Amino acid sequence: LGVPFDDRTSAFADLAARLSELRLRTARPHWLVVDEAHHMLPEGWDRAPELLPENVTGLVLVTVHPNRLARPVLDRVDLAVGIGAGGREALRDFARTIGRPVREDLPALESGEMLLWDRHRTEGPRHCRVIPPTGERRRHVRKYAAGDLGDHSFHFRGPGDRLNLRVQNLNLFVQIAEGIDDETWAHHLRAGDYSRWFREAIKDDGLAEEAAGIEADRELTPADSRQRIREAIERRYTAPA
C-alpha cells in the first residue's frame, strides 16, 4: 500500500524476479500470496507471462476482480475459489474471462461458504462450507505494539493537565510509563484510563479486563501497578526493546 498505484506493476515485477531467483537457489518461499492481484498483474500487462511461467506452483492470487487479471495469469490457475457473498459472481467472471463454461445454477453463498473449482476435473464447482476456526484471531497486533494509532493515541496528562505526553502504541506506553512520576501514573490509574484505552483503542478486551482489576486494587503501589500492567502487555504483544 506504500507503493503508488501506477508503480505497483514494476515493483511487483522486481520482487517476483528476486523471489524466482531465491526459489531456484533455496526452494523457498514455498508459497507466494499476492493480495489485490489485479493491481500487480493487471489485464493487458505484457510482462505477466515472463514473470509467471506456465508450470508455476505455490502461488495464491487474491482478488475481487478476476476479470481484471492478465489473461496469461488466469490460464495458469489450477484451483479457483469463490468465497462469501460475492464468490459466485467472481467465479462466473473468472469462467467468462478464460472462455470456460460454468453452470448457471451455482448457489448463492453465505458467510462461511465457498465454491471450489478444480479446472482439471470434469465436474463443475463444488459447494463447500468452511470449518470455523477454534483459535483466537487477533488482527493488527504489530500496529498496536509498534505502529502509530494517530487520533487513538493515549495521552499522559496527569492532574490538572500539567503534561501532554502522546503515546501512539503499546511499546511506547510501557517506556513512558516507566519514566513518568507516580502522581501522574496514579491519576490515570484511578480514573480507569488505562483499561479504557486498551478496550477502545487497542481493541483488546482481555488486556482491558486485567488492567481494570489492577486499577481497582488499592493495595498496589505505583511501582507494583506499573509492573503488573507492563507484564500484562508483554504477555500479549512484543516486548519493547
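Conventions used here
- Residues numbered from 1 in each chain as written.
- Predicted model: local features only at pLDDT ≥ 70, side-chain atom pairs only at ≥ 80, totals over all residues.
- Heavy atoms only, no water.
- 1 Å grid on protein atoms, 1.4 Å probe; cavity = no way out; pocket = protein on both sides within 12 Å on 5 of 7 lines; lining within 4 Å.
- Points joined across faces, edges and corners; volume = space filled by probe spheres on them.
- Helix = DSSP H or I, 4+ residues; strand = E, 2+ residues; numbered from the N terminus.
- Nonpolar A, V, L, I, M, F, W, Y, C, P; charged D, E, K, R; others polar.
- Buried < 20%, exposed > 50% of the residue type's maximum accessible area, 1.4 Å probe, protein only.
- Pairing = 2+ DSSP bridges.
- Axes fitted to C-alpha atoms, helices over the stretch in contact; angles between N-to-C directions.
- Parallel < 35°, antiparallel > 145°, perpendicular 65-115°, else oblique.
- Left-handed = near helix turned anticlockwise from the far one by under 90°.
- Contact = heavy atoms within 4.5 Å.
- Core = buried A, V, L, I, M, F, W, Y, C linked by side-chain atoms within 4.5 Å.
- Salt bridge = Lys/Arg side-chain N within 4 Å of Asp/Glu carboxyl O.
- Patch = residues over 30% accessible without salt bridge, like charges linked within 9 Å, V, L, I, M, F, W, Y side chains within 5 Å.
- Areas by Shrake-Rupley, 256 points an atom, 1.4 Å probe, with all protein chains shown as cover.

Asks: Give me the layout of surface pockets: which residues, what numbers.
Replies: Approximately 810 Å³ is the volume found for the largest pocket. Lining the largest pocket are 31 residues, and of these Val 60, Leu 61, Leu 79, Ala 80 and Val 81 lie nearest its centre. By residue number, the principal contributor to the lining of the largest pocket is strand S3 (residues 79–83), which donates five residues. Taken together, the residues of the lining of the largest pocket sort by class into 20 nonpolar, seven polar and four charged.

Asks: So, the pairing of S3: which residues are in play, and what are the values?
Replies: In the case of a regular strand, side chains alternate between the two sheet surfaces. Where burial is concerned, the two faces of S3 differ: the one with Ala 80 and Gly 82 is buried and the one with Leu 79, Val 81 and Ile 83 is not. Sheet analysis places S3 next to strand S4 (residues 113–118), joined by five bridges and oriented antiparallel. Each residue of the ladder has a partner; that of Leu 79, found in S4, is Asp 118.

Asks: Mind laying out the packing of helix H8 (residues 182–190) against helix H11 (residues 222–236), listing which residues take part and the relevant values?
Replies: Where H8 contacts H11, the axes come no closer than 10 Å and their chain directions differ by 60°. Classed by the angle they form, the pair H8 and H11 counts as oblique. Crossing handedness for the pair H8 and H11: left-handed. Residues Asp 182, Trp 185 and Leu 189 of H8 touch H11, and the partners they reach there are Pro 222, Ser 225, Arg 226 and Ile 229. Of the residues assigned to the contact of H8 with H11, the class counts are four nonpolar, one polar and two charged.

Asks: Account for the nonpolar core, with residues named and values stated.
Replies: Phe 156, Phe 173, Trp 197 and Phe 198 are the most contacted members of the largest nonpolar core, which has 28 residues in total. Secondary-structure elements contributing two or more residues to this core are helix H6 (141–146), strand S6 (154–156), helix H7 (170–179), H8, helix H9 (193–200), helix H10 (205–216) and H11. In terms of residue count, H7 provides more of this core than any other element does, five residues in total.

Asks: So, the pattern of salt bridges: which residues are in play, and what are the values?
Replies: Taken as a whole and assessed by the stated rule, the structure comprises 18 salt bridges. Residues Asp 205 and Arg 199 are paired through a salt bridge, measuring 3.8 Å at the closest nitrogen-oxygen approach. Bridged by salt links that share partners, the residues Arg 88, Glu 89 and Arg 92 form one connected network.

Asks: Let's hear about H9: which residues, and what values?
Replies: Those residues of H9 not exposed but buried are Asp 193, Tyr 194, Ser 195, Trp 197 and Phe 198. In the core, the buried residues of H9 are packed alongside S6, strand S7 (165–167), H7, H8, H10 and H11.

Asks: I'd like to hear about a nonpolar patch on the surface, residue by residue, with values.
Replies: A cluster of nonpolar side chains, contributed by Trp 31, Val 33, Val 60 and Val 62, occupies part of the molecular surface with about 370 Å² of accessible area. If you trace the backbone, Val 33 turns up in strand S1 (residues 32–34). For Val 33, a relative accessible area of 56% translates into the label exposed.

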